[in-house]
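# Architecture and fold: a report
Given next are the chains, with one letter for each unit.
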Amino acid sequence: SAVISQKPSRDICQRGTSLTIQCQVDSQVTMMFWYRQQPGQSLTLIATANQGSEATYESGFVIDKFPISRPNLTFSTLTVSNMSPEDSSIYLCSVDDGHSEQYFGPGTRLTVT
Amino acid sequence: DQQVKQNSPSLSVQEGRISILNCDYTNSMFDYFLWYKKYPAEGPTFLISISSIKDKNEDGRFTVFLNKSAKHLSLHIVPSQPGDSAVYFCAASGRGYGKLTFGQGTILTVHP
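Everything in this summary refers to the structure shown in the same document. (Residues numbered from 1 in each chain as written. Chains lettered and ligands numbered in written order. Predicted model: local features only at pLDDT ≥ 70, side-chain atom pairs only at ≥ 80, totals over all residues. Heavy atoms only, no water.)

## Considering unusual backbone geometry
We count it as follows: Note on conventions: DSSP H or I runs of at least 4 residues are helices, E runs of at least 2 residues are strands, and numbering of each starts at the N terminus. Buried residues are those whose accessible area, probed at 1.4 Å on protein chains only, stays under 20% of the maximum for their type, while exposed residues exceed 50% and partly exposed ones sit between those limits.
A cis amide bond links K7 of chain A with the next residue in sequence, P8 of chain A, at an omega value of -10°. With respect to the helices and strands, P8 of chain A occurs in the loop between β1 (4-7) and β2 (10-13). Along the chain, V78 of chain B connects to P79 of chain B via a cis peptide bond; the corresponding omega equals -10°. Along the chain, the position of P79 of chain B falls in the loop between β8 (72-77) and β9 (86-93). Phi is positive for N82 of chain A, which is not a glycine, with a value near 45°. Looking at the secondary structure, you find N82 of chain A in the loop between β8 (75-80) and β9 (89-96). Relative accessible area serves as the criterion here: at 55%, N82 of chain A is assigned to the exposed category. Positive phi is not limited to glycine here, since K71 of chain B has a value of about 50°. Here K71 of chain B is to be found in the loop between β7 (62-67) and β8.

## Observations concerning the pattern of salt bridges
All names here are of chain B. Here is the rule we go by: The working definition used for a salt bridge is a side-chain nitrogen of Lys or Arg within 4 Å of a carboxyl oxygen of Asp or Glu.
This structure, assessed with the given rule, holds four salt bridges over all chains. A salt bridge links R61 to D84, with the shortest nitrogen-to-oxygen separation between them at 2.8 Å. Of this pair, R61 sits in the loop between β6 (56-59) and β7 while D84 sits in the loop between β8 and β9, and the two are 23 residues apart along the sequence. The exposure class assigned to R61 is partly exposed, which follows from its relative accessible area of 22%.

## Section: the sheet that holds β8 of chain A
Residues and elements named next belong to chain A. Short version of the rule: We treat two strands as partners when DSSP finds at least two bridges between them. Axis lines are fitted through C-alpha atoms, for helices just across the contact stretch, and the angle between N-to-C directions can take any value from 0 to 180 degrees.
Taken together, four strands build an open sheet; the order of strands is β1-β3-β8-β7 and the sheet is antiparallel. Pairing within the sheet leaves two strands with one partner each, and these edge strands are β1 and β7 (68-72). Here the strands of the sheet are splayed against their neighbours by 15° on average, with no regard to which way each runs. As defined by bridge partners, β7 adjoins β8 across three bridges and the pair is classed as antiparallel. For I68, the partnering residue across the bridge sits in β8 and is L78.

## Notes on the nonpolar core
We apply this condition: Buried Ala, Val, Leu, Ile, Met, Phe, Trp, Tyr and Cys residues form a nonpolar core when they are joined through side-chain atoms within 4.5 Å.
If you look at the biggest cluster of nonpolar residues, it comprises 41 residues, and the most contacted ones within it are W34 and Y35 of chain A together with Y36 and F102 of chain B. Membership of the second largest hydrophobic core comes to 23 residues, among which are L47, F62, L73 and L75 of chain B.

## Topic: the state of the cysteines
Quick note on the threshold: When two cysteine sulfur atoms lie within 2.5 Å, the pair is treated as a disulfide.
Going through the model one piece at a time under the given rule, you end up with two disulfides over all chains. The disulfide bridge from C23 of chain B ends at C90 of chain B, spanning 1.9 Å between sulfur atoms. The S-S bond linking C23 of chain B to C90 of chain B shows a torsion near 60°; that makes this disulfide right-handed. Here C23 of chain B, found in strand β3 (residues 19-25), pairs with C90 of chain B, found in strand β9; they are 67 residues apart in sequence, far enough to count as distant. Taking relative accessible area as the criterion, C23 of chain B reaches 1% and is therefore assigned buried. Looking at C90 of chain B, the relative accessible area reads 0%, which means it is buried. Between C13 of chain A, a free cysteine, and C93 of chain A, which holds the nearest cysteine sulfur, the sulfur-to-sulfur gap is 18 Å.

Treat this as a map of the structure, not an account of what it does.
Next up, the structure:
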């Protein structure tokens, strides 16, 4: 399975600011995803990061709030913009191995004060 | 609308016994199911999966059963070990579409 790293691992941010989370994979992958896990909740898909084109967002998530970049087949970023305390979550990237199984990075724990 | 449900928030089991974690789904378009284990401060770790064309899949101590007519799947861990203590998520997807829909998770505690 692919080895996935995320930066930062955690951060505490003030409301109104933005944070960019990086996801790096040790091999080229076609499909990368960004999920959110709010406190006490399950994982929810934010968007699919498409290489060379705009990300595909799930219902309830918009590009202005969560802009995503995917410059190549091993790297993606997710920005959480104009943060509020409700954005306090764990943000996770994942990759599909081409056999319908997804592997996750360690996550970024974000606290917004 | 919660399409994947894990109705038991927690499960406590004695070491060496069987752990059975359950999951129900409502979307008949789901045809691939996965179980993940998650420790605090880590990302989910893939455990085992099953396609809708099968009703059972085994990998060591882990077995997943799928009952399509009941839209129900379960994960059996035998024998349970204290290191299995974690949150277990079931997830589902439709073939050809990468989105995973997750259940709420079940906290498994295995007592020595």
